[in-house]
Amino acid sequence: MLKTITVLAVVLALASAELHRVPVLKQENFVKTRANVRAEVSHLRAKYRLPTARSVNEEDLSNSMNMAYYGAITIGTPPQSFKVLFDSGSSNLWVPSKTCSSYACEVHNQYDSSASSTYQANGESFSIQYGTGSLSGILATDIVNVNGLSVESQTFAEATNEPGTNFNDANFDGILGMGYQSIAQDNVVPPFYNMVSQGLVDQSVFSFYLARDGTSSQGGELIFGGSDSSLYSGDLTYVPISEQGYWQFTMAGASIDGQSLCDNCQAIADTGTSLIVAPANAYMQLNDILNVDDQGLVDCSSVSSMPVITFNIGGTNFDLEPAQYIIQSDGECQSSFEYMGTDFWILGDVFIGQYYTEFDLGNNRIGFAPVA
């Protein structure tokens, strides 16, 4: 009897947990070009601390990173507005500084510490290595507000130099990392950790629902404090985090057209990329089966007849149809699968857009379910 009451109490507590919804914006009529993909791969290499590709040329260095999904935050008092990429594949918050003279800073919103009454000086230097140089700046502390959730004394980076051209035309000003603190530069406490410690959320859980269809700016929701079961079908399939840095887990397997791509392989759920990164053997198999050319392109007339790709996570199959993993833009069709020298998979928005994803920091697990 006592056990039943305890279980019921837990269920009721979960049901009554307050959910804090952050609208995820989607660029209207978004088009992912080959140049965007190259810039995104360059950014991913830096984020995962991978060596720059040997074949980098001048064209690669002139690409700009562009993402479909981003959200709004404010920093300081009175609030200064920024659009950020909510990135589960990194753990630092950074925005351009008013003192930055790089072109990428000048064409985006910049944080002015002198205009905020709640600014606290830190002064420690900060840098993140990117393929075209080092994004550098200084650490600062201020109030960070995420759609009504006011995080006190949040330390973040003011970027005083943004290298190359990757962020010149980006549709976001900065990045808000949502990975584990263990991968944060300078061991800075990530914003979500502070939301938990400051009692702003009922559960140490956040979840992503990304809308894939339509051309409007309504891109979905980032939910703090739990998950909304009305946004997904069935039950969430949970698997434990295998390494607490990125949101990394063991994937039981992946297959295409009856051929195994991997068994008991490592994968990372990354909301900060639109791509899927595959290990070498799987990447070569995919390219062979899909007839991908040296430019990453496929015959658009063959897309409808391409096979389904299946990822088995926690004993549940999660399928991707060809229309979901092939990027169509400017009359061309390109594969969303990339290779960067990793021995693990990186599942970006191509996957997360189809499957509601719950990041459970408190229980060190991740859950997936088909979007409703």
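Just so you know, these numbers come straight off a predicted model, no measurement behind them. (Residues numbered from 1 in each chain as written. Predicted model: local features only at pLDDT ≥ 70, side-chain atom pairs only at ≥ 80, totals over all residues. Heavy atoms only, no water.)

Draft legend 1. The environment of Thr 33, seen in detail. On the secondary structure map, Thr 33 appears in the loop between strand 1 (20-26) and helix 2 (34-47). C-alpha of Thr 33 to C-alpha of Glu 332: the two residues are 299 residues apart in sequence and 9.1 Å apart in space. Dropping the residues within four chain positions of it, Thr 33 is found in contact with Ser 329, Asp 330 and Gln 334. Within the structure, the side chain of Thr 33 is placed 3.1 Å from the backbone nitrogen of Asn 36, a separation counted as a polar contact. (Helix = DSSP H or I, 4+ residues; strand = E, 2+ residues; numbered from the N terminus. Contact = heavy atoms within 4.5 Å. Polar contact = N/O pair within 3.5 Å; in protein donor to acceptor, adjacent residues only side chain to side chain.)

Draft legend 2. Main features of the sheet that holds strand 19 (residues 332-335). Ordered in space as 15-19-18, the 3 strands form an open sheet in which the pairing is antiparallel. Taken across any chain shown, the strands that pair with only one partner, and hence form the sheet edges, are strand 15 (297-298) and strand 18 (326-329). (Pairing = 2+ DSSP bridges.)

Draft legend 3. Molecular detail of the packing of aromatic side chains. Under the definition given, this model contains 25 aromatic pairs. Measuring from centroid to centroid gives 5.8 Å for Phe 192 and Phe 224, while their planes differ by 25°, and the two rings are stacked. Highlighted residues: Phe 192 in helix 5 (residues 191-197) and Phe 224 in strand 10 (residues 218-224), separated in sequence by 32 residues. Residue Phe 192 is classed as buried on the basis of its relative accessible area of 5%. When the ring of Phe 318 is compared with that of Tyr 355, the centres are 4.9 Å apart and the planes differ by 90°; the resulting orientation is edge-to-face. Separated by 37 residues along the polypeptide, Phe 318 in strand 17 (residues 316-320) and Tyr 355 in strand 22 (residues 355-360) bring together distant segments of the chain. (Phe/Tyr/Trp six-rings, centres within 6.5 Å; stacked < 30°, edge-to-face > 60°. Buried < 20%, exposed > 50% of the residue type's maximum accessible area, 1.4 Å probe, protein only.)

Draft legend 4. Molecular detail of the UniProt feature "active site" (unreviewed entry) in the chain. Here, UniProt's "active site" (unreviewed entry) annotation points to Asp 87 and Asp 270. Across 184 residues, the annotated set stays spatially compact, with a maximum C-alpha separation of 6.7 Å. Note that Asp 87 resides in strand 3 (residues 80-87). Classification of Asp 87 by relative accessible area gives buried; the value is 0%. Residue placement: Asp 270 occurs in the loop between strand 13 (259-269) and strand 14 (276-277). (UniProt positions renumbered as here; feature names shortened; annotations may be inferred.)

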